[in-house]
Amino acid sequence: MTLPEPLKSQILHAVAEDGGAKPAMLEALRLVQQAEGWVSDARLAQVADLLGVSTAELDSIATFYSLIFRKPVGQTVIMLCDGASCWMNGGDALRDALMDRLGIGYGQTTADGRYTLINSACVGGCDRAPALLIGPGRRLVGPLSPDGVAALLEGGL
Amino acid sequence: MSETLPLTGRARPDRSPHTLAEWRAVGGYASVERALQMTPVQLVDLVDAANLNGRGGAGFQAAKKWRFMPAVGTSPGIGTNYLIVNGDEMEPGAFKDRFLLEALPHQVVEGAIIAAYATHSRHAIILIRDDYRAGISAIRRAIAAAEAANLLGTNILGSGFNLHLRVHPSAGRYIVGEETALISALEGGRAIPRKRPPFPAQSGLWGRPTTVNNVETISLVPHIVAQGAQWFRALSRTEEGGTKLYGVSGMVNRPQLIEAPMGTTARELIDRAGGVSGTGVLRCFQPGGGATPFLEPADLDTPMDFGHMAKAHSMLGTGTLIVLDQGTCPVAVTARHMAFYARESCGWCTPCREGLPWAARILTALEDGTATPRDIDILRMTAAEAGPRGRTFCDLMGGAMGPLASLLSRFGDLVEAHLDGGCPIRRGLL
């Protein structure tokens with residue numbers, strides 16, 4: 001499948017806005033991920049082609065930045081803060097409850113493709129520790145107790 | 001405009017950002033009009049007189065940074081100067097820039113316009129970490145509104161000053177927040193720091209003179225223009241001007257952000273955050289995020305500004321305190337910080353790439369009770385050899401060594417007690 005048209009023009013717009021193909025590489029990857037959830041090998045090659053950079057150069061950016069996903073993720077990505085303030089306020093118990101409930105570890109996706117769990121750098125929610133970010137809006141949720149995990153996953157939080 | 005809480009006084013309790021009209025109704029953008037009637041040199045002098053120290057962590061004087069920026073036509077080569085606003089907040093324990101971006105986006109845009117004018121920049125970029133999606137969209141909306149009102153763009157308010165301002169959302173990696181790594185990132189490379197000199201003011205983005213300022217620093221600028229240097233200095237309790245957006249988190253009852261006079265003490269901030277939680281007794285605290293050395297109860301009454309914290313052998317850093325009660329082990333906290341810095345190292349310089357994972361492993365071994373006396377020697381050696389500036393291109397390693405070195409010097413007995421079966425606090429022995 002070739003690069004879909006809206007994506008193509010969005011990437012070219014980024015090239016104009018960022019002042020060239022190279023500075024727009026990261027934004028191009030972000031746009032692909034925004035549309036499709038992750039960046040596949042095929043898309044990587046197509047974007048490199050569109051930008052006129054090598055696939056290797058584009059992949060060196062894609063693999064450096066930790067929030068560009070080079071393998072498929074679930075519909076909902078959960079990023080659990082592993083900062084010190086969250087740890088002090090029960091972060092480990094929250095982590096265990098999430099892993100138990102989802103049946104996955106960090107970097108994994110549930111078999112039904114609904115959730116991916118990632119450990120994150122401090123999410124800037126230390127006043128709401130323990131905290132996590134959820135979904136495409138990276139919504140900040142916290143303080144969240146292990147008991148609140150079920151409600152969160154059922155959409156109640 | 002609030003006289004004593006300039007940074008947060010206009011924020012709404014639910015953090016919803018103002019529209020341009022709402023922002024103007026509370027005095028917003030009046031400072032842009034005023035600034036554009038001044039010369040850039042007058043603006044730098046004003047900020048110099050206000051003694052505004054950069055709020056990103058290092059505390060470098062904003063005016064000094066700005067003064068390095070050459071006037072149009074006086075630097076070799078062609079092209080503009082650049083102003084970059086650093087919103088890549090990712091320091092463990094820091095949660096202040098999130099608030100300023102989400103709740104007060106026009107304040108950031110206003111400050112960016114003035115700072116760009118003062119630094120002869122015709123192009124400005126606000127870099128924001130990917131996770132702050134609400135902040136990214138709030139800033140984008142504010143920029144669009146400001147463009148529509150000719151507060152950005154060509155011939156701003158008839159002044160002849162042109163400025164293009166845009167947002168660059170990042171995509172993870174703590175190192176992006178280091179100012180030269182950030183420049184590498186904006187040029188489309190991996191975020192790898194650069195050797196200095198040349199400093200960004202000499203050769204930054206695309207080889208052009210560049211200033212990088214933190215979101216909080218930029219947010220203070222319109223208020224200095226509006227109310228003057230004397231007023232700004234009078235807000236502070238020390239020589240360093242202004243208020244500070246402090247934060248308190250960790251083992252406190254009501255973790256929160258607190259805007260207070262620069263030089264407010266940790267005791268007052270912890271009290272305002274509801275006091276120490278857990279055992280209720282303070283063991284130690286980090287004054288400004290994960291990379292700042294531990295302080296103890298004896299330092300509770302030291303004014304929290306850059307100078308006093310340095311004299312106390314720590315750093316103000318981001319001014320967001322991490323509080324540990326007696327039941328929380330500083331070895332465990334340092335282990336978590338070290339794992340973070342090890343993961344976030346860009347891997348360019350050997351001491352950082354190799355030293356941090358090693359230190360992190362040893363700290364984990366101490367917690368588990370599997371460390372040996374030689375491991376503690378290795379930690380001491382790592383802190384001594386890799387802590388000083390100049391051993392690596394940037395200060396990620398040096399910063400990470402701050403808490404480690406202070407852990408070893410202040411809590412040496414506690415660290416050694418871990419050799420006998422792991423963490424004595426966790427086992428209820430202390």
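If you're wondering where the values come from, they're calculated on a predicted model, not measured in any experiment. (Residues numbered from 1 in each chain as written. Chains lettered and ligands numbered in written order. Predicted model: local features only at pLDDT ≥ 70, side-chain atom pairs only at ≥ 80, totals over all residues. Heavy atoms only, no water.)

Engineer: Quick one: what's the story with the overall build of chain B, residue by residue and with numbers?
Structural biologist: Regarding its fold elements, chain B presents 17 helices and 8 strands. Relative to a compact globule of 430 residues, whose C-alpha radius of gyration would be 22 Å, chain B shows 22 Å and is just as compact. Structurally, chain B occupies a C-alpha span of about 75 × 45 × 35 Å along its principal axes. Expressed as a percentage of contacts within chain B between residues at least 6 apart in sequence, the contacts between residues at least 24 apart total 70%. Of the roughly 15,100 Å² of accessible surface on chain B, 54% is carried by carbon and sulfur atoms. Each charge class in chain B was averaged separately, 42 positive and 40 negative side chains, and the resulting centres sit 4 Å apart. (Helix = DSSP H or I, 4+ residues; strand = E, 2+ residues; numbered from the N terminus. Rg over C-alpha atoms; globule rule 2.2 N^0.38 Å. Contact = heavy atoms within 4.5 Å. Areas by Shrake-Rupley, 256 points an atom, 1.4 Å probe, with all protein chains shown as cover. Lys, Arg positive; Asp, Glu negative; His and termini not counted. Charge placed at Lys NZ, Arg CZ, Asp CG, Glu CD.)

Engineer: Give me the side chain of B:Thr210: which residues, what numbers.
Structural biologist: All names here are of chain B. By secondary structure assignment, the location of Thr 210 is in strand β4 (residues 210-214). Within polar-contact distance, the side chain of Thr 210 engages the backbone nitrogen of Leu 205 at 2.8 Å. In contact with Thr 210, not counting residues within four places along its chain, are Met 69, Tyr 82, Ile 84, Ile 183, Pro 200, Ala 201, Gly 204 and Leu 205. (Polar contact = N/O pair within 3.5 Å; in protein donor to acceptor, adjacent residues only side chain to side chain.)

Engineer: Please give an account of helix α2 (residues 25-36) of chain A that cites residues and values.
Structural biologist: In a regular helix each residue adds 1.5 Å, so 12 residues correspond to 16 Å; α2(A) covers 17 Å between its end C-alpha atoms and thus fits that length. On its buried face, α2(A) sits against α1 (5-18), α3 (41-51) and α4 (55-64) of chain A together with α7 (133-148) and β3 (164-169) of chain B. Following α2(A) by one or two positions, A:Gly37 has its phi on the positive side, about 90 degrees. (Expected span 1.5 Å × (residues − 1).)

Engineer: Can you lay out the interface of chain B and chain A for me, pointing to particular residues and giving the numbers?
Structural biologist: Many authors give the size of an interface as the accessible area that is lost as the parts come together. Contacts between chain B and chain A engage 49 residues on the former and 37 residues on the latter. For the pair chain B and chain A, the interface holds 6 salt bridges. Across the salt bridge formed by A:Asp127 and B:Arg15, the nearest N and O atoms sit 3.8 Å from each other. Where chain B meets chain A, there are 18 residue pairs in polar contact (both at pLDDT 80 or more). Elements with a minimum of two residues in the side of chain B that touches chain A: α7, β3, α8 (179-186), β5 (243-250), β8 (320-325) and α13 (330-344) of chain B. Here the side of chain B that touches chain A takes 7 residues from α13(B), the largest share from any one element. When the residues that make up the side of chain B that touches chain A are grouped by side-chain class, the tally is 22 nonpolar, 12 polar and 15 charged. (Salt bridge = Lys/Arg side-chain N within 4 Å of Asp/Glu carboxyl O. Nonpolar A, V, L, I, M, F, W, Y, C, P; charged D, E, K, R; others polar.)

Engineer: So what's going on with the pattern of salt bridges? Residues and values would help.
Structural biologist: Pairs can form between side chains of opposite charge whenever their charged atoms are close. Tallied over the entire structure, the rule returns 40 salt bridges over all chains. The closest approach of N and O atoms between A:Glu27 and A:Arg30, which form a salt bridge, is 3.3 Å. Taken together, the residues A:Glu27 and A:Arg30, both in helix α2 and 3 residues apart, mark about one turn of the helix. There is no split in this pair, since A:Glu27 and A:Arg30 are both buried. Members of the salt-bridge network, linked through shared partners, are A:Glu27, A:Arg30, A:Arg138, B:Arg129, B:Asp130, B:Asp131 and B:Arg133. (Buried < 20%, exposed > 50% of the residue type's maximum accessible area, 1.4 Å probe, protein only.)

Engineer: How would you summarise unusual backbone geometry if you had to cite specific residues and measurements?
Structural biologist: Residue and element names in this part refer to chain B. The linkage connecting Arg 196 with the following residue, Pro 197, adopts the cis geometry, with an omega of -5 degrees. Note that the residue after Pro 197, namely Pro 198, is joined by a cis bond; omega there is 0 degrees. Note on placement: Pro 198 falls in the loop between α8 and β4. Look at His 120: it is not a glycine, yet its phi comes out positive at around 60 degrees. Summarising the element assignment, His 120 is placed in the loop between α6 (105-118) and β2 (121-128).

Engineer: Now, about the pairing of β5(B): what can you tell me, with residues and values included?
Structural biologist: Residue and element names in this part refer to chain B. Buried residues dominate β5, accounting for 8 of its 8 residues. What you see with β5 is no split at all: Thr 243, Leu 245, Gly 247 and Ser 249 on one side and Lys 244, Tyr 246, Val 248 and Gly 250 on the other are buried throughout. Taken together, the 6 bridges between β5 and strand β6 (residues 256-261) define a ladder with antiparallel strand orientation. Among the inter-strand pairings, Val 248 is bridged to a residue of β6, identified as Gln 256. Counting the residues in the hairpin turn of β5 and β6 gives 5 residues. Two elements, β5 and β8, share 4 bridges in a ladder whose sense is parallel. Counted as the bridge partner of Gly 250 is Val 323 from β8. (Pairing = 2+ DSSP bridges.)

Engineer: Explain the confidence of the model for chain B to me, using residue names and the numbers behind them.
Structural biologist: Residues at a pLDDT of 70 or more form 100% of chain B, whose mean pLDDT is 96. We note a pTM of 0.97 for the whole complex and an ipTM of 0.96 for its interfaces. (pLDDT = per-residue confidence, 0-100.)

Engineer: An account of the sheet that holds strand β5 (residues 139-141) of chain A is requested, with residue identities and associated values reported.
Structural biologist: Backbone-to-backbone hydrogen bonds pair the strands of a sheet. The strands run either parallel or antiparallel. All names here are of chain A. Strand order in the open sheet made by the 5 strands is β2-β3-β1-β4-β5, with mixed pairing throughout. Two strands bound the open sheet, and with one partner strand each, they are β2 (108-109) and β5. As judged from the 6 bridges shared by strand β1 (residues 76-81) and strand β3 (residues 115-120), these two strands associate in the parallel manner. Among the inter-strand pairings, Cys 81 is bridged to a residue of β3, identified as Ser 120. Of the strands in this sheet, β1, β3 and β4 (132-134) touch helix α6 (residues 91-102), which is tilted by about 155 degrees from β1. (Axes fitted to C-alpha atoms, helices over the stretch in contact; angles between N-to-C directions.)

Engineer: Could you give an account of α4(A), with specific residues and numbers?
Structural biologist: Among the residues of α4(A), A:Leu58, A:Ile61, A:Ala62 and A:Phe64 are the ones counted as buried. Each element contacted by the buried residues of α4(A) is listed here: α2 and α3 of chain A.

Engineer: Kindly report on the sheet that holds β3(B), identifying the contributing residues and their values.
Structural biologist: All names here are of chain B. Reading across from one edge, β3-β2-β1-β4 is the order of the 4 strands in this open sheet, with parallel pairing throughout. Because the sheet does not close on itself, it has two edges, and the strands there are β3 and β4. When strand polarity is set aside, the average angle formed by the axes of neighbouring strands in this sheet is 20 degrees. Sheet analysis places β2 next to β3, joined by 6 bridges and oriented parallel. When the sheet's bridge partners are listed, Leu 127 is paired in β3 with His 168.

Engineer: Explain the nonpolar core residue by residue, including any values.
Structural biologist: Residues A:Tyr65, B:Leu356 and B:Leu404 are the most contacted members of the largest nonpolar core, which totals 164 residues. For this core, the element with the most residues is α6(B), which contributes 9 residues. When sequence neighbours within four positions are dropped, the list of residues in contact with B:Leu356 reads B:Met338, B:Tyr341, B:Ala342, B:Ser345, B:Pro351, B:Leu396, B:Met397, B:Ala400 and B:Met401. Formed by 22 residues, the second largest nonpolar core is a distinct cluster that contains B:Val252, B:Met309, B:Leu321 and B:Val323. (Core = buried A, V, L, I, M, F, W, Y, C linked by side-chain atoms within 4.5 Å.)

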